[in-house]
Amino acid sequence: MAEVKDHLEIKFRLNDGSDIGPKSFPDATTVAALKETVVSQWPIEKENGPKTVKDVRLISAGRILENNKTVGDCRSPVCSNLSDAVTTMHVLIQPQLTEKAEKKKKKKKPKSDLKQSKCVCFCFGNRL
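Bear in mind the structure is a predicted one, so any value in this text is a computation, not a measurement.

So, how was this worked out
- Residue numbers run consecutively from 1 along every chain, following the written order of its sequence.
- In keeping with the predicted nature of the model, local features appear solely for residues at pLDDT of at least 70, side-chain atom pairs appear and are counted solely at 80 or more, and the whole-chain, interface and lining totals rest on all residues.
- Processing note: side-chain calculations cover all non-hydrogen atoms of the structure and skip hydrogens and water entirely.
- Here a helix means four or more residues in a row that DSSP labels H or I, a strand means two or more in a row labelled E, and each is numbered from the N terminus.
- Burial classification: accessible surface area is computed with a 1.4 Å probe over protein chains only, and a residue below 20% of its type maximum counts as buried, one above 50% as exposed, and the rest as partly exposed.
- Only heavy atoms enter the contact rule, under which two residues are in contact if any of them lie within 4.5 Å.
- Method for areas: the Shrake-Rupley scheme with a 1.4 Å probe, in which residue coverage is limited to the protein chains shown.
- In this description, strands pair whenever DSSP reports at least two bridges between them.
- For helices, the axis comes from a line fit to the C-alpha atoms of the stretch in contact; other axes are also lines fit to C-alpha atoms, and the angle between any two N-to-C directions lies between 0 and 180 degrees.

A. View of the overall build of the protein. Helices and strands together make up the secondary structure of the protein, namely four helices and five strands. Walking the protein from its N terminus toward its C terminus, one meets helices and strands in the order β-β-α-β-β-α-α-β-α. Taking all 128 residues of the protein together, 26% fall into the buried category. Partitioning the contacts of the protein with sequence separation of at least 6, the portion at a separation of at least 24 is 60%. Counting every atom, the protein has about 10,000 Å² of accessible surface; 53% of that belongs to carbon and sulfur.

Below, the structure written as structure tokens:
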């Protein structure tokens, strides 16, 4: 039985189509705790895995889930009507910028500071 009272069966779909889970989580589990599960259970053989919870984005029912929400808050109305349903949450990995990359980004000049083009067009011809 995939769905137990006050629990939700969740599997995490990775970008290559493989899954972590399914695993049962109580309704009171936060999204941040789900992200910790993804980080801790990330397959070792997969490249570009998340290093921290901040690197992970979870998407369920087309929405990016916020860390302070609970599994109960994210429960789809469709899943609550289906017994033996497993909820699939998609995992996006967005590595945080390193300090070096952040400094480089800050050093870039805004477009307004760039030299303006000095192109000028002249039209020589007869006026009507």
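Further notes follow.
B. Region of interest: the pairing of strand E1 (residues 7–13). In terms of residue burial, E1 counts as a mostly covered element, since five of its seven residues are buried. The pairing of E1 with strand E2 (residues 19–26) spans six bridges and is antiparallel. Bridge assignment links His7 to a residue of E2, and that residue is Pro26. Between E1 and the antiparallel strand that follows it, E2, lie five residues; Gly17 among them carries a positive phi value of about 95°. Judged from the four bridges that link them, E1 and strand E5 (residues 87–93) form a sheet pairing that is parallel. In the sheet register, Ile10 faces E5, and the bridge partner there is Thr87.

C. How the structure looks around the sheet that holds strand E4 (residues 63–64). The five strands lie next to each other as E2-E1-E5-E3-E4, forming an open sheet whose pairing is mixed. The outermost strands of the open sheet, each flanked by one partner alone, are E2 and E4. The sheet strands contacting helix H1 (residues 31–41) are E1, E2, strand E3 (56–60) and E5, and the helix crosses E3 at an angle near 115°.

Geometry only, nothing functional implied.
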